[in-house]
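Fold and contact review
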Amino acid sequence: MTSSATQSTPAPAAITFVPGPVLLLGAPGVGKGTQAQRLMAQYGIPQISTGDILRANIAKATPLGKAAKDLIDQGILVADAIVQDMVADRLQQPDTANGYILDGFPRTLGQAHWLDEYLAQSESGVSVLPVVAVSITADFTELLHRITGRRTCPACKRIYNVYSNPPLREGLCDVEQAALVQRPDDSESVFLDRMKTFEEQTAPVIEHYRHQGRFRQVQGDLPVEQVTAAINAALRELRTA
Ligand code: AMP
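Structure report, in brief. (Residues numbered from 1 in each chain as written. Predicted model: local features only at pLDDT ≥ 70, side-chain atom pairs only at ≥ 80, totals over all residues. Heavy atoms only, no water.)

1. A word on the packing of helix H6 (residues 140–148) against helix H7 (residues 188–212)
Operational definition: To obtain each axis, a line is fitted to C-alpha atoms, and for helices this fit is confined to the stretch in contact; angles are then taken between N-to-C directions over 0 to 180 degrees. Strands are runs of DSSP state E lasting at least 2 residues, helices are runs of H or I lasting at least 4, and numbering of each runs from the N terminus. Here the word oblique covers every angle except those under 35 degrees (roughly parallel), over 145 (roughly antiparallel) and from 65 to 115 (roughly perpendicular). A crossing counts as left-handed when the near helix is turned anticlockwise from the far one by less than a right angle, and as right-handed when that turn is clockwise. Contacts between residues were defined by any pair of non-hydrogen atoms, one from each residue, lying within 4.5 Å. When residue character is reported, Ala, Val, Leu, Ile, Met, Phe, Trp, Tyr, Cys and Pro are called nonpolar, Asp, Glu, Lys and Arg charged, and the others, Gly included, polar.
Look at H6 against H7: their axes get within 10 Å of each other, and the N-to-C directions meet at 130°. By the angle class used here, H6 and H7 are oblique. Here the hand of the crossing between H6 and H7 comes out right-handed. On H7, the residues touching Phe140, Leu143, Leu144, Ile147 and Thr148 of H6 are Glu188, Phe191, Leu192, Arg194 and Met195. Classifying every residue of the contact of H6 with H7 by side-chain character gives seven nonpolar, one polar and two charged.

Below, the structure written as structure tokens:
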């Protein structure tokens, strides 16, 4: 990922614009998490990352975490019913009232159909706004470098990249001086499996939302601020269309 400890936080948007439910779609490493965090800061709406929720369960060694750990470490998708329950639970929380950014969900057509149905049944709040989807794209080599180069500080969660955004001292966080860690599923072999899963199971989800119409595609292999600007432009177009 190209996010950096030194990136500027985007300025708050005019509060008149309500992004509503937003899906960020794209391959592993394309920058969904980085962009979701920037939109969250900008609009004051939560990022809902199914990967983060699963990793939090692993860290706390919950029954869900124990069941999911091996699958995640190997880049295999967790069962639809499990992630759907997680998302339903999260969407009940009041901080989703003005919108939210789903990052890493839906990842299968089954999840997409479940979400469409779930939102169609919601009768109040921002969920009555139709969901809009933004797909972020980047080429294979860029994704490979972003994933296999990604390192995270275990103390402050800052994200570095050994190719594009290295720490000042190799292997150490600039701020915390803690030893940086690599996610087990960021190895090259697991990346290749995750890409295969993406092509087989998640690419059809992107087509599903493209056909629904409330959809834009943005180029993800640009500086992070430019990608955010393109997503913002897409959201405004989609919400005023
Ligand atoms: P991420 O952090 O989004 O790359 O997700 C890391 C891993 O968590 C994935 O490789 C899957 O094993 C699992 N995961 C995250 N989101 C989902 C989802 N929507 N459906 C199934 N598995 C998921």
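Now, onward.
2. Concerning the site of the ligand
Note the cut-off: Whether a residue is near a molecule or strand depends on its heavy atoms: if one lies within 4 Å, it is near. Identification of polar contacts relies on pairs of N or O atoms within 3.5 Å, with a donor-acceptor requirement for protein atoms, meaning one able to donate a hydrogen and the other able to accept it, and with residues adjacent in sequence counted only if both atoms are side-chain atoms. We get accessible surface area from the Shrake-Rupley algorithm with a probe of 1.4 Å; when it comes to residues, only the shown protein chains can shield them.
In the vicinity of the ligand, 16 residues are found, and the nearest of them are Thr50, Arg55, Ile76, Gly104 and Gln111. Interatomic distance of 3.4 Å between a side-chain N/O atom of Arg183 and an oxygen atom of the ligand. Between Arg194 and the ligand, the recorded distance is 3.1 Å, taken from a side-chain N or O atom to an oxygen atom. Coverage of the ligand by the protein chains reaches 95% of its 480 Å² of free accessible surface. For the shell around the ligand, the leading source of residues is helix H2 (residues 50–59), giving four residues.

3. Notes on the nonpolar core
We apply this condition: Residues enter a nonpolar core if they are buried and are Ala, Val, Leu, Ile, Met, Phe, Trp, Tyr or Cys, with the set joined through side-chain atoms within 4.5 Å. Buried, partly exposed and exposed residues are distinguished by accessible area as a fraction of the type maximum, computed with a 1.4 Å probe on protein chains only: under 20%, between the cut-offs, and over 50%, respectively.
With 50 residues, the main nonpolar core has Leu23, Leu24, Leu102, Val134, Tyr209, Ile231 and Leu235 as its most contacted residues. Broken down by element, the residue count for this core peaks at six residues, all from H7. Among residues more than four places away in sequence, those in contact with Val134 are Leu23, Leu24, Leu25, Arg216, Val218, Ile231, Ala234, Leu235 and Leu238. Core analysis: the next-biggest nonpolar cluster, separate from the first, contains five residues, Cys153, Cys173, Ala178 and Leu180 among them.

4. Things to note about the packing of aromatic side chains
Worth spelling out the cut-off: Here a pair means two rings of Phe, Tyr or Trp (six-membered ring of Trp) with centres within 6.5 Å. Their orientation is stacked below 30 degrees between planes, edge-to-face above 60, and tilted elsewhere.
Here the structure, examined in full by the defined rule, presents three aromatic pairs. Each ring, one from Phe105 and one from Trp114, has its centre 5.9 Å from the other, and the planes form 85°; the classification is edge-to-face. Ring geometry for Trp114 against Tyr118: centres 5.0 Å apart, planes inclined by 25°, an arrangement best described as stacked. Of this pair, Trp114 and Tyr118 both sit in helix H5 (residues 109–121), four residues apart, which is roughly one turn of the helix. One aromatic cluster is present, built from ring pairs that chain together Phe105, Trp114 and Tyr118.

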